[in-house]
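Observations on chain architecture
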Amino acid sequence: MKVLIIGGGGREHAIAVSMKKSRRVDKIYCVPGNAGIAQIAECEPSIGVMEFDRIISYAREKQVDLVFVAPDDPLVGGLVDELQKAGFRVFGPDKKAAILE
């Protein structure tokens, strides 16, 4: 399985480390990522977490099977909703649930 993690902080690094331990995960991508994440995943620092169209295009290009959205801003902005509309399996609350949080 190919996984795309959205974010670039310590939380996302911990998620990447945990995903790396799974036998089901073949490849990890991260947007934008950080230097620590880059040691275990392919990062794309040129894409920001609020650039929804670019994230969706990147996910299509890499043919990811699961997108994990961690940062609050893209969650509240509706990234999960947009990814689901584009046909991706996504882990994270939709916009309405993120706003409540």
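What comes next is a walk through the structure. (Residues numbered from 1 in each chain as written. Predicted model: local features only at pLDDT ≥ 70, side-chain atom pairs only at ≥ 80, totals over all residues. Heavy atoms only, no water.)

Concerning the side chain of Lys-62
Just so we agree on the cut-off: Note on conventions: DSSP H or I runs of at least 4 residues are helices, E runs of at least 2 residues are strands, and numbering of each starts at the N terminus. Accessibility here uses a 1.4 Å probe with only protein chains present; expressed as a share of the type maximum, an area under 20% marks a residue as buried, one over 50% as exposed, and anything in between as partly exposed. A contact between two residues is defined here by any heavy atoms of the two lying within 4.5 Å.
Position of Lys-62 relative to the elements: it lies in helix H2 (residues 52-62). For Lys-62, a relative accessible area of 17% gives the class buried. With residues near it in sequence (within four places) discarded, Lys-62 still touches Lys-2, Tyr-29 and Glu-42.

A closer look at the pattern of salt bridges
Under the convention used in this document: When a carboxyl oxygen of Asp or Glu lies within 4 Å of a side-chain nitrogen of Lys or Arg, that pair is called a salt bridge.
Counting across every chain of the model gives five salt bridges. What you see here is one network of salt bridges that share partners, running through Lys-27, Glu-42, Glu-61 and Lys-62.

Digging into the pairing of strand S1 (residues 2-7)
Rules: Whether two strands pair depends on DSSP finding at least two bridges between them.
Among the six residues of S1, five are classified as buried, and the element is accordingly described as predominantly covered. Pairing of S1 with strand S2 (residues 27-32), which is carried by six bridges, proceeds in the parallel orientation. Note that in S2 the partner of Lys-2 across the bridge is Lys-27. Across four bridges, the pairing between S1 and strand S4 (residues 66-69) is parallel. Looking at S4, one finds that Val-3 is bridged to Leu-66.

Some details on unusual backbone geometry
Looking along the chain, the bond that leaves Val-31 and enters Pro-32 is cis, with omega of -10 degrees. Relative to the elements of secondary structure, Pro-32 occurs in strand S2.

Concerning the packing of aromatic side chains
So the rule is basically this: Between rings of Phe, Tyr and Trp, where Trp is taken as its six-membered ring, a pair exists when centres lie within 6.5 Å; planes separated by under 30 degrees are stacked, by over 60 edge-to-face, and by other angles tilted.
One pass over the full model with this rule turns up two aromatic pairs. When the ring of Tyr-29 is compared with that of Tyr-58, the centres are 6.1 Å apart and the planes differ by 90 degrees; the resulting orientation is edge-to-face. With Tyr-29 in strand S2 and Tyr-58 in helix H2, this residue pair connects regions lying 29 residues apart in the sequence. Overall, the relative accessible area of 6% leaves Tyr-29 in the buried class. Residue class for Tyr-58 comes out buried when judged on its relative accessible area of 5%. Between Phe-68 and Phe-91 the ring centres are 4.6 Å apart and the planes differ by 25 degrees, which places this aromatic pair in the stacked class. With Phe-68 in strand S4 and Phe-91 in strand S5 (residues 90-91), this residue pair connects regions lying 23 residues apart in the sequence. Relative accessible area serves as the criterion here: at 14%, Phe-68 is assigned to the buried category.

A few points about helix H1 (residues 10-20)
What counts, and what does not: Of all possible arcs, the one meant is that of the directions from the helix axis to the C-beta atoms.
Along H1, the positions that sit buried rather than exposed are Glu-12, Ile-15, Ala-16 and Met-19. In an axial view of H1, the angular spread of the buried residues amounts to 100 degrees, which keeps them on one side of the axis. Along its buried surface, H1 packs onto S1, S2 and S4.

Considerations on the sheet that holds S1
Note the cut-off: An axis is simply a line fitted to the C-alpha atoms; with a helix, the fit covers only the stretch in contact. Between two such axes, the angle follows the N-to-C directions and lies from 0 to 180 degrees.
With parallel pairing, the five strands of this open sheet are ordered in space as S3-S2-S1-S4-S5. The open sheet has two free edges, formed respectively by strand S3 (42-43) and S5, since each of these has just one partner strand. Bridge count for S4 against S5 is two bridges, and the pairing is parallel. Bridge pairing in S5 places Phe-68 opposite Phe-91. Each of S1, S2 and S4 is contacted by H1, which is oriented at about 170 degrees to S1, the strand it contacts most.

Geometric values such as these leave the question of function open.
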